[in-house]
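Observations on the three-dimensional arrangement
Below are the chains, spelled out letter by letter.
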Amino acid sequence: RKEVEQDPGPFNVPEGATVAFNCTYSNSASQSFFWYRQDCRKEPKLLMSVYSSGNEDGRFTAQLNRASQYISLLIRDSKLSDSATYLCVVNGLYNNNDMRFGAGTRLTVKP
Amino acid sequence: EAQVTQNPRYLITVTGKKLTVTCSQNMNHEYMSWYRQDPGLGLRQIYYSMNVEVTDKGDVPEGYKVSRKEKRNFPLILESPSPNQTSLYFCASSLSGYEQYFGPGTRLTVT
């Protein structure tokens, strides 16, 4: 099992659609979880942290399921500007300070 | 402006010629890290540093060195670059080691 695994996509959706990404991780002791966004040829930027209770930021909702060892990202009412690669990040797979990234899920939102 | 800077942004070099990629942050962050990004593999952590004079290996440290003599700087050194180190490199910094701010990336080609 990969340490951090994401469906690579691509996900091609029309504007206004709802799309969900999942990410699984291998170590149940992992501590912190994040979603980053990366535009083509640019640096990753933090989209949101993922809290145990789940959290929402506008059209974006992140959830954590520790029992099944996965996190999810839901995007509602997709915009053209949401087109990017979404990276799942897990902290604490091997020690308190390591950060492991998934390979990313590519999303294209079409008019 | 709060930022992480990297230099050079693009570099083409030959096998065996030592090189250094600089990284500097102006946010007084304690945690700094280097990653490489390759197609299909996502970002992989090379080295990280929790504070001045404290560095630790990440997932793929072989062939790289780092130093942290000052809080703001975290250079990446390739003593004898090889073609398999051709990649896109990102430096990142963080207050806590969790939510990271990335530099713009350095595209390195080793021929």
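Up top is the structure these notes are about.
Each chain carries its own residue numbering, running from 1 in the direction its sequence is written. A letter from A marks each chain and a number from 1 marks each ligand, given out in the order of writing. Side-chain atom pairs in this predicted model are given and counted only at pLDDT of 80 or more, local residue features only at pLDDT of at least 70, and totals for whole chains, interfaces and linings cover all residues. Think of the side-chain values as coming from all heavy atoms in the structure, minus any hydrogens and water.

In this section: the interface of chain B and chain A. Each partner contributes residues to the interface: chain B has 20 residues there, and chain A has 23 residues. Here the buried area means the combined drop in accessible surface, using a 1.4 Å probe, for two parts upon being joined, counting both sides. Here chain B packs against chain A, burying approximately 1600 Å² in sum over the two surfaces, 51% of which is carbon and sulfur. Contact with chain A buries area across many residues of chain B, yet B:L43, B:Y98 and B:F102 alone supply 32% of it, more than any other trio. When a carboxyl oxygen of Asp or Glu is within 4 Å of a side-chain nitrogen of Lys or Arg, the pair counts as a salt bridge. With a closest N to O distance of 3.1 Å, A:R100 and B:D59 form a salt bridge. For this analysis, a polar contact is any N or O atom pair within 3.5 Å, provided that within protein one partner can donate a hydrogen and the other can accept it, and provided that sequence-adjacent residues contribute only side-chain to side-chain pairs. Counting across the interface, chain B meets chain A through five residue pairs in polar contact (both at pLDDT 80 or more). Elements are defined by DSSP. Helices are runs of H or I of four residues or more, strands are runs of E of two residues or more, and each kind is numbered from the N terminus. Sorting the residues of the side of chain B that touches chain A by element identifies β4 (31–38) and β5 (42–51) of chain B as the ones contributing at least two each. Here the side of chain B that touches chain A gets five residues from one element, more than from any other, and that element is β5(B). In the side of chain B that touches chain A, the residues fall into 10 nonpolar, seven polar and three charged. Only heavy atoms enter the contact rule, under which two residues are in contact if any of them lie within 4.5 Å. Residue polarity follows a fixed list, in which Ala, Val, Leu, Ile, Met, Phe, Trp, Tyr, Cys and Pro are nonpolar, Asp, Glu, Lys and Arg are charged, and the others, Gly among them, are polar.

Attention now goes to the sheet that holds strand β1 (residues 4–6) of chain A. All names here are of chain A. Note: two strands are recorded as paired if DSSP finds a minimum of 2 bridges between them. Across the sheet, which stays open at both edges, the five strands sit in the order β1-β3-β8-β7-β6 with antiparallel pairing between neighbours. Taken across any chain shown, the strands that pair with only one partner, and hence form the sheet edges, are β1 and β6 (55–57). Within the sheet, the average angular offset between the axes of one strand and its neighbour, ignoring direction, is 15°. Here strand β3 (residues 19–25) pairs with strand β8 (residues 70–75) via six bridges, running antiparallel. Residue pairing for β8: V19 is matched across the bridge by I75. Each axis is a line fitted through C-alpha atoms, taken for helices only over the stretch in contact, and angles between the N-to-C directions span 0 to 180 degrees.

Going from A:G9 to A:P10, the amide bond is cis rather than trans, its omega being 5°. Relative to the helices and strands, A:P10 is located in the loop between β1 and β2 (11–14). Of the consecutive residues B:N7 and B:P8, the connecting peptide bond is found in the cis state with omega at -5°. Tracing the sequence through the fold places B:P8 in the loop between β1 (4–7) and β2 (10–13).

Attention shifts here to the packing of aromatic side chains. Side-chain rings of Phe, Tyr and Trp (the six-membered ring for Trp) are treated as a pair once their centres are within 6.5 Å; stacked means planes under 30 degrees apart, edge-to-face means over 60, and tilted covers the remaining angles. Per the stated rule, a full pass over the model turns up 11 aromatic pairs over all chains. Each ring, one from A:Y25 and one from A:F33, has its centre 4.8 Å from the other, and the planes form 45°; the classification is tilted. A:F33 matches A:Y25 in its accessibility class, with the two residues each being buried. Summarising the aromatic geometry, the rings of B:Y31 and B:Y48 are spaced 5.9 Å apart at their centres and angled 15° between planes, so their arrangement reads as stacked. Only protein chains enter the accessibility calculation, which uses a 1.4 Å probe; a residue is then buried when its area is under 20% of its type maximum, exposed when over 50%, and partly exposed in between.

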